[in-house]
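Overview (structure and organization)
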Amino acid sequence: MTMGEKLAVVTGYFGIQKPWNAYRFPEARPQSAGVVLGVPRLGFTPQWQTDAGSGVATQGEAPPELERTLLPSGILTASTWDPAVAERGGAMIGSEARASGFNVMLAGGVNLLREPGNGRNFEYGGEDPLLAGTMVGALVRGIQSNHIVATVKHFALNDQETARRSVNVIIDEAAARTSDLLAFELAIEAGDPGSVMCSYNLVNGVHACQNDWLLNQVLKRDWGFRGYVMADWGAQHDTVLDANHGLDQETGVFQQGGYQFLDKLEAAIRRGEVSAARLDDMAQRIARALIAKGAVDDPVTPGPIDFSAHAAVAQADAEAGIVLLKNAGVLPLGAAVKSVVVIGGHADQGVLTGGGSAQVYAPGGNAVRGLGPPGWPGPHVYARSSPLEALGHELPKTALAFADGTEREAAAKAASKADVAIVFATQWTAESLDFPLTLPADQDALIDAVARANRRTVVVLETGGPVLMPWLERVSAVVEAWYPGGRGGPAIARVLSGAVNPSGHLPVSFPRALAQLPRAKIEGVGATPDIVFDVRYDEGAAVGYRWYDKQHAEPLFPFGHGLSYTTFARSDLSAKLENGELHVHFRVKNSGRRAGGDVAQVYVSPVAGGWESPKHLAAFAKTELAPGASHDVDLTLEPRLFSQWDAARTSFHVAGGKYRVALASSARDPGQSVTVTLAERLLPAGAGAKPHAP
Ligand code: BGC
């Protein structure tokens, strides 16, 4: 490549073509996130970039020809605890990216859920590094099976959206390595993404996209990452610092932010402030990733999409991830239920989706118009998949009524006349905003009024993350459906009717009250743009259940919790060391009368204590079982989850001594346990990385 060609491949432009944008790139795919020019002389492809983890997104409302299959949100897929589901979803959305002419997909997001109010929690994989890393890594594998590049993001510690460009996260290195960074490390190992996106925020005083520690030391040196680092849109800040500290590609140029590379980088090289070898490295990383993933030998060409086959993938994901939180016997809705009133949540029209750059317009477009902010990241978009209509198919003999919930009294009256009332409660969340944990628009009062009128009240939540439930004691059942995707209606209806036995488990703890959280409120509200302010992560690596354990606090619903219509019995737990690996063995039996999926969780804790919190999830397995069937499960525990970080030796360190290994069904379930004695061991950074391809 000539200097000009190298400079071309390290600069990405905003993809959207609008008349107000003086810099239009006809090469960009319509309404897309970005484009990087190719090198025609060498037959090197342009890079066509699209968001994101739930499917092929559009910037702004999609015309019918740009509507695409909508997978459930990332947090729902994490709730499946089944990497095969995530991989199938990734393969499906990646194939639609290809068929839409994209060779770079800006997914998967793996920021750890530290702030339950973060408006992007729906895009991520929850609060635990092992679960999030495993599930997002599987999504990435699926996407890249289409010979395109996936992008693990937003690296790193981008855990709130409020003032996301000026928040400076202060965290101790050991805490970061064993929490948020570990989620990235595991996702990158499992998925081998071509690209990693650095985030808008600052980490320990330095912008993530010019953070030598994050990019050069942790990602590229310690983890051996050979792909390229692209900036979040416009997160480039300084030509010399960005280039020298590890950024390989700037993005969103001319719309989201000014450029730092192009002639500015050329001048910096001429002045000797950036080496010519560094530009070679940037271009080489980009070219290598595109070639290694197959995007050069197998160029993308727009083509047809099998929407009905893809809808089935989205529905299977939703059915595996919807979580039954509470059930006092009202579910599944049996033949004895003669009448049901469905209330609120636009359940007669569709299901809610999350807003921002990840917004996918599912076939049929927005089912409910005119709600929420008219401009980006709004409006509220509902996928055209009505739970009410689907319930009609599931329960053909049941009389169904609908009340939109705007009149509380009318809803309560309708509830009093039905055998069962089902309230659909929604919480829209979106990129660039954070949200209170209280359901908006007085929905708590609506649920309360309905539950007072009919004790057999079921609440179906469509939320981006945890919410508070002041009415919990008064309702009979609660189903967390998250944003369930383009076939959310039938998935919810089939869980309610029992055609599907729920097997989702929470990838996040639900607090009882804000006072239980490390930070009761998100900082930076009303902050002056560009004035950097600190948020101290004093909780360190004690994120989610680790925090509750440490505080001896009982959450409303614990991490890992999820009910079923059948029962499981686990037995014969044993643990053994083999070649330095810790294995567990147990038997799980479906002891009930319906087929169902069990999620076994293995937590490890040092008997002598000494960690930031009592225990870590170190392995998990989902097992589908017919009634009466049993299965022997063998799992290898992830050693970094029974380690602490030793900064002086740049290694994970397993302290010698006794460890309790517990087999449980949630983070609050003591389960059954065995004790093992481990020898001291050092796991150098990058030890988990796969051998490098040439
Ligand atoms: C988001 C990224 C996204 C990019 C391109 C940014 O605002 O933070 O997640 O990939 O825009 O749309």
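Cut-off values and rules
- Residues numbered from 1 in each chain as written.
- Predicted model: local features only at pLDDT ≥ 70, side-chain atom pairs only at ≥ 80, totals over all residues.
- Heavy atoms only, no water.
- Pairing = 2+ DSSP bridges.
- Helix = DSSP H or I, 4+ residues; strand = E, 2+ residues; numbered from the N terminus.
- Domains from an automatic or database assignment.
- Contact = heavy atoms within 4.5 Å.
- Buried area = accessible area lost by both parts, 1.4 Å probe.
- Salt bridge = Lys/Arg side-chain N within 4 Å of Asp/Glu carboxyl O.
- Disulfide = S-S within 2.5 Å.
- Buried < 20%, exposed > 50% of the residue type's maximum accessible area, 1.4 Å probe, protein only.
- Near = heavy atom within 4 Å.
- Polar contact = N/O pair within 3.5 Å; in protein donor to acceptor, adjacent residues only side chain to side chain.
- Nonpolar A, V, L, I, M, F, W, Y, C, P; charged D, E, K, R; others polar.
- Core = buried A, V, L, I, M, F, W, Y, C linked by side-chain atoms within 4.5 Å.
- Axes fitted to C-alpha atoms, helices over the stretch in contact; angles between N-to-C directions.
- Parallel < 35°, antiparallel > 145°, perpendicular 65-115°, else oblique.
- Left-handed = near helix turned anticlockwise from the far one by under 90°.

Here we come to the sheet that holds strand β8 (residues 202–203). If you trace the four strands from one edge of the open sheet to the other, you get β9-β8-β6-β20, paired in mixed fashion. Taken across any chain shown, the strands that pair with only one partner, and hence form the sheet edges, are β9 (206–207) and β20 (533–536).

All right, on to the domain arrangement of the chain then. Parsing the chain into structural domains produces domain 1 (15–292), domain 2 (314–497) and domain 3 (566–684). Its C-alpha centre places domain 1 at a distance of 32 Å from the equivalent point of domain 3. Taken together, the contacts link 18 residues of domain 1 with 15 residues of domain 3. Across the domain 1 to domain 3 interface the summed buried area is about 1,400 Å²; carbon plus sulfur atoms make up 71%. Put simply, domain 1 and domain 3 have two salt bridges between them.

A few words on the state of the cysteines. Counted according to the given criterion, the structure contains one disulfide. Paired through a disulfide, C198 and C209 show a sulfur-sulfur distance of 2.1 Å. Disulfide C198-C209: torsion about the S-S bond near 110°, hence right-handed. Highlighted residues: C198 in strand β7 (residues 195–198) and C209 in the loop between β9 and α7 (212–222), separated in sequence by 11 residues. Side by side, C198 and C209 carry an identical accessibility label, which is buried.

Neighbouring the ligand are 14 residues; D51, R120, H154, D232 and E431 lie closest to it. Here an oxygen atom of the ligand sits 3.3 Å away from a polar atom, N or O, in the side chain of Q59. One of the side-chain nitrogen or oxygen atoms of K153 is found 2.9 Å away from an oxygen atom of the ligand. In the shell around the ligand, the residues fall into five nonpolar, three polar and six charged.

Here we come to the nonpolar core. Counting residues in each nonpolar core, the largest one holds 90 residues, and the members touching the most others are F155, L181, L214 and L265. Each residue touching L214, except ones within four places of it in the same chain, is listed here: F155, A156, L181, V203, A208 and L219. Listed in part, the 68 residues of the second largest apolar core include L333, V342, A491 and L556.

On to the packing of helix α13 (residues 408–417) against helix α14 (residues 443–453), then. Two packed helices can be described by the angle between their axes and the distance between those axes. One can describe the packing of α13 onto α14 by two numbers: an axis separation of 8 Å at closest approach and a directional angle of 30°. As summarised for this structure, α13 and α14 are arranged roughly parallel, according to the angle between their axes. As α13 packs across α14, the resulting crossing turns out to be right-handed. The residues of α14 that touch α13, namely those facing R408, A411, A412, A415 and S416, are A445, L446, A449, V450 and A453. The residue inventory of the contact of α13 with α14, partitioned by class, reads eight nonpolar, one polar and one charged.

In this section: the environment of S651. As for its placement among the helices and strands, S651 is situated in strand β27 (residues 651–654). Judged by relative accessible area, S651 falls into the buried class, the value being 4%. Taking C-alpha positions, S651 is 8.7 Å from G686, a pair spaced 35 residues apart along the chain. Filtering out sequence-adjacent residues up to four positions away, S651 remains in contact with Q644, W645, D646, L682, L683, P684 and A685. Here the side chain of S651 touches R649 through a polar contact of 2.7 Å, landing on its backbone oxygen.

Two numbers describe how helix α3 (residues 83–99) lies on helix α11 (residues 307–321): the axes approach to 10 Å, and their chain directions differ by 150°. Between α3 and α11, the interaxial angle falls into the category roughly antiparallel. Of the two possible hands of crossing, α3 and α11 adopt the one that is left-handed. Across the interface between the two elements, V85, R88, G89, M92, S95 and E96 of α3 pack against F307, H310, V313, D317 and A320 of α11. Residues that form the contact of α3 with α11 fall into these classes: five nonpolar, three polar and three charged.

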